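One-letter residues, chain by chain:
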Amino acid sequence: MSNDINTPTVGGKGNYDGGYARFLKAYQEFKGECPRGVSLKIQKSGLRYNLLLQFKQPPTGKRSSKTANLECTPEGVIDGVKKAKLVSEALGTITSASEFWDWYDKTILGKNQIEDNLITYREIFQQLEDEYFAGYNRNTGRKRSRDIVSDLTSYHQSKGVYFDQFPNWDIHPTWEGFKAMLYTPLQNGEQLVGSKTFKERYYILKAIAEKSPNKDHLLKQLEPINAKQTQFKKKQRIGIDAFKDWWYSAKQEAYTVKNPQHQSSRHSWLWVTGMAVMYGLRPTEIAAAVNLTKPFVTEDGVIIKALSDPDNQDNYLVLGDYVYFTDAEGRKVSIKTGGRVVAPIPSPEMFDFLELKRPLLPEYSPKKGSQPKTIAGGFDATFSNRIQSMKCPVTQKYAFRRLYNLLGEQYGLPIELRARLMGHSTIVNEGKYKTEGIDGTLEVLKGVSKLPIPLNVAIERLTALGVDIDSSEAKLFIRVIYLID
């Protein structure tokens, strides 16, 4: 089936480690919401940035900056706007300078608050939820929304699932409650300390502690705990020959399936595996392609041909920000690193072998009443089930992205380009997709040995072969190949 999206949004930024850029973007967007007379101000001190409140301070009436216990994050900006409104209201109602500063220390800086005033888990969870949806997607810079299934899913997986582990939301945070949640054994029986779950529980507890007026006590208890993750899921990998052998075998077997619908389904999911390997994409990202059977026109009028176009030799693929399916309420599903243009591994033979110019995007429609997590991950989950039923040597969908990265090394694509096309940073590429093992390294070296060699090496080898490099013909060849003026 083709992907019919009327006006796809393209241009996600990818996860390029732009923490300060996200903070600055939030600052520019939200600072205008501060009340008249009180504003946010970014101040640089050495290598550190501070977010302050600026207003006319009693009793002098001089406008200057004041610390307000704000972090230089998008969440800190949102908190700063709230505090600016509180300060504006207090300046209009409190007449005594000493009373104002006592109020400021207690309300804005959080000093001298007693435990009787502790807020409940429920109130803190609501604050964290509001801040999450007032923030931005860390990969794309897109503002989060409760109307996007993927954002609902991310919220639940990163926060909601841990909030649910507290049995009583209407009591205030205590260390005993923290400890019970942190050290609850894993259901699969695996070791808790050192696991990803333990690390994520720990940082959620720190976020809750930061919102509680007894945070000093809670953070002091958390401080000596080592939450570093030491247990990792083993990364599956598949070599190019093993992949091609399996793919060809599964393709031939698909033709023997008598049920036309089942046969078509097998061919479509095999097409997705080929796209994952050649473009380094997650399965769901392939469901966001917008130029499979029709050209895509950019805002500047640049035409990117349809993948199916036989005259299209570049085979660029345009990804929109959202996939072609929605939930029953029409809420969209976004892709992880946002819309972008990607190019395949430069191997026409492999491209033809996998029959990628005949798009066979599988039909997928979420079941009515499904949870956001099921809807957002449904395409990927179906992909995993289908390749497993076809006896694929690997079950992890990221194994195909690792194969793309290996092929990219083999064909001489620099890591910066591979990372950009895959929608992440070079740091992420090094950590998650780096070629490991003797077999993988040999495949890369085998490919590198066939890449163009430097000019001086070429001249040396030609001379050794008896070629007269001073001849006009030899000079012409060298000038054309090495782009010499």
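About the cut-offs
Residues numbered from 1 in each chain as written. Predicted model: local features only at pLDDT ≥ 70, side-chain atom pairs only at ≥ 80, totals over all residues. Heavy atoms only, no water. Phe/Tyr/Trp six-rings, centres within 6.5 Å; stacked < 30°, edge-to-face > 60°. Helix = DSSP H or I, 4+ residues; strand = E, 2+ residues; numbered from the N terminus. Lys NZ or Arg CZ within 6 Å of the ring centre and 35° of its normal. Buried < 20%, exposed > 50% of the residue type's maximum accessible area, 1.4 Å probe, protein only. Polar contact = N/O pair within 3.5 Å; in protein donor to acceptor, adjacent residues only side chain to side chain. Contact = heavy atoms within 4.5 Å. Pairing = 2+ DSSP bridges. Axes fitted to C-alpha atoms, helices over the stretch in contact; angles between N-to-C directions.

Give a description of the packing of aromatic side chains that names residues and reports values.
Describing an aromatic ring pair means giving the distance of the ring centres and the angle of the ring planes. A complete count under the given rule lists 31 aromatic pairs for this structure. Look at Phe-100 and Trp-103: their rings are 5.7 Å apart centre to centre, the planes differ by 40°, and that puts the pair in the tilted class. Of this pair, Phe-100 and Trp-103 both sit in helix α3 (residues 97-107), separated by three residues, roughly a single helical turn. By the ring-pair criterion, three or more aromatic residues cluster together here, those being Phe-243, Trp-246, Trp-269, Tyr-324, Phe-325, Tyr-364, Phe-379, Phe-383 and Phe-400. One residue, Lys-332, lies across the ring of Tyr-322, its end atom 4.1 Å from the ring centre.

So what's going on with the side chain of Gln-229? Residues and values would help.
By the element assignment, Gln-229 lies in the loop between α8 (215-222) and α9 (240-254). Judged by its relative accessible area of 15%, Gln-229 falls in the buried class. Within the structure, the side chain of Gln-229 is placed 3.4 Å from the side chain of Lys-199, a separation counted as a polar contact. Not counting residues up to four positions away in its chain, the partners in contact with Gln-229 are Gly-194, Ser-195, Lys-196 and Lys-199.

Lay out the sheet that holds strand β1 (residues 39-45) in plain terms, naming residues and giving numbers.
Taking strand neighbours across the sheet as the criterion, the three strands line up as β1-β2-β3 in an open arrangement whose pairing is antiparallel. Edge positions in the sheet fall to β1 and β3 (62-67), since each has one partner strand and no second. Pairs of neighbouring strands in the sheet enclose a mean axial angle of 40°, with direction left out of account. Strands in contact with helix α2 (residues 74-93) are β1 and β2 (48-57); relative to β2, the strand with the most contacts, it is inclined by about 15°. The strands touched by α3 are β2 and β3; relative to β2, the strand with the most contacts, the crossing angle is about 150°.

Please set out the environment of Thr-95 residue by residue, giving values where relevant.
Looking at the secondary structure, you find Thr-95 in the loop between α2 and α3. When the C-alpha positions of Thr-95 and Pro-58 are compared, they lie 9.1 Å apart, and in sequence the two are 37 residues distant.

That is the geometry; function is a separate question.
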